[in-house]
Amino acid sequence: MEQERALALRVVMMPRDTNVYGTVFGGVILSYIDQAGFVECRRHGRHRWVTASMDRVDFKAPVQVGDIVSLYARPTRMGTKSITVQIDVEAERYAGTEVAHVTQATVTLVSVGPDGRPIPFRDPPTFVG
Ligand SMILES: CC(C)(COP(=O)(O)OP(=O)(O)OC[C@H]1O[C@@H](n2cnc3c(N)ncnc32)[C@H](O)[C@@H]1OP(=O)(O)O)[C@@H](O)C(=O)NCCC(=O)NCCS
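The structure presented is a predicted model; accordingly, all values stated were derived computationally and were not measured.

1. Comments concerning the sheet that holds strand S4 (residues 82–92)
In any sheet, the strands associate via hydrogen bonds between backbone groups, in a parallel or an antiparallel arrangement.
Part 1 of the argument: If you walk across this open sheet you meet the 5 strands as S1-S3-S4-S5-S2, and the pairing is antiparallel. The strands lining the two open edges of the sheet, one partner per strand, are strand S1 (6–12) and strand S2 (48–54). Direction aside, the axes of adjacent strands within the sheet are offset by 35° on average.
Part 2 of the argument: In this structure, S1 lies alongside strand S3 (residues 68–78), joined through 6 bridges in antiparallel fashion. Looking at S3, one finds that Ala 6 is bridged to Ala 73.
Part 3 of the argument: Against the sheet, helix H1 (residues 26–42) makes contact with S1, S2, S3, S4 and strand S5 (99–112), and its axis sits at roughly 130° relative to S4, the strand it touches most.

Shown next, in the form of structure tokens:
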């Protein structure tokens with residue numbers, strides 16, 4: 001059964017996030033995509049999670065200062081030591097009520113033990129600190 005998407009992160013874009021043109025850096029959004037993947041994966045196992053891959057990311061609309069950016073996560077593959085998560089990024093405009101579809105990405109995170117080697121994420125928690 002296909003899993004539903006869940007809100008993983010909601011953040012307000014600040015002046016520090018912008019490039020010289022006044023719009024938000026793509027790299028800022030990529031960082032939030034990474035975090036949203038982690039938020040989803042941690043629900044499935046309290047381990048260290050590292051990002052193994054992030055697929056092609058096409059930006060469809062710019063993000064502006066003051067926009068409220070929401071990142072929704074939906075697991076698309078539950079492996080043994082990894083989870084693949086689809087992330088949808090939407091921007092609620094600071095001025096007005098429009099919600100723009102910014103981008104979509106697929107990230108795969110791998111659960112690792114204290115030694116950094118992959119472990120099954122359904123194992124008992126290895127990170128409780
Ligand atoms: C990701 C990493 C732990 C994989 O280690 P590995 O020994 O090659 O992993 P394995 O071959 O044993 O595979 C373990 C799981 O990871 C998945 N995996 C490994 N590399 C992957 C990749 N590039 N993309 C997607 N999944 C990957 C495998 O499919 C497997 O998942 P499964 O058990 O659910 O089927 C290792 O390459 C690593 O530490 N990379 C750096 C991660 C990091 O620091 N990220 C942040 C960068 S700043």
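2. Points about the packing of aromatic side chains
Part 1 of the argument: Counted under the stated rule, the structure contains 1 aromatic pair.
Part 2 of the argument: The aromatic ring of Tyr 72 is capped on one face by Arg 5, whose charged end is 3.7 Å from the ring centroid.

Conventions used here
Residues numbered from 1 in each chain as written. Predicted model: local features only at pLDDT ≥ 70, side-chain atom pairs only at ≥ 80, totals over all residues. Heavy atoms only, no water. Pairing = 2+ DSSP bridges. Helix = DSSP H or I, 4+ residues; strand = E, 2+ residues; numbered from the N terminus. Axes fitted to C-alpha atoms, helices over the stretch in contact; angles between N-to-C directions. Contact = heavy atoms within 4.5 Å. Phe/Tyr/Trp six-rings, centres within 6.5 Å; stacked < 30°, edge-to-face > 60°. Lys NZ or Arg CZ within 6 Å of the ring centre and 35° of its normal.

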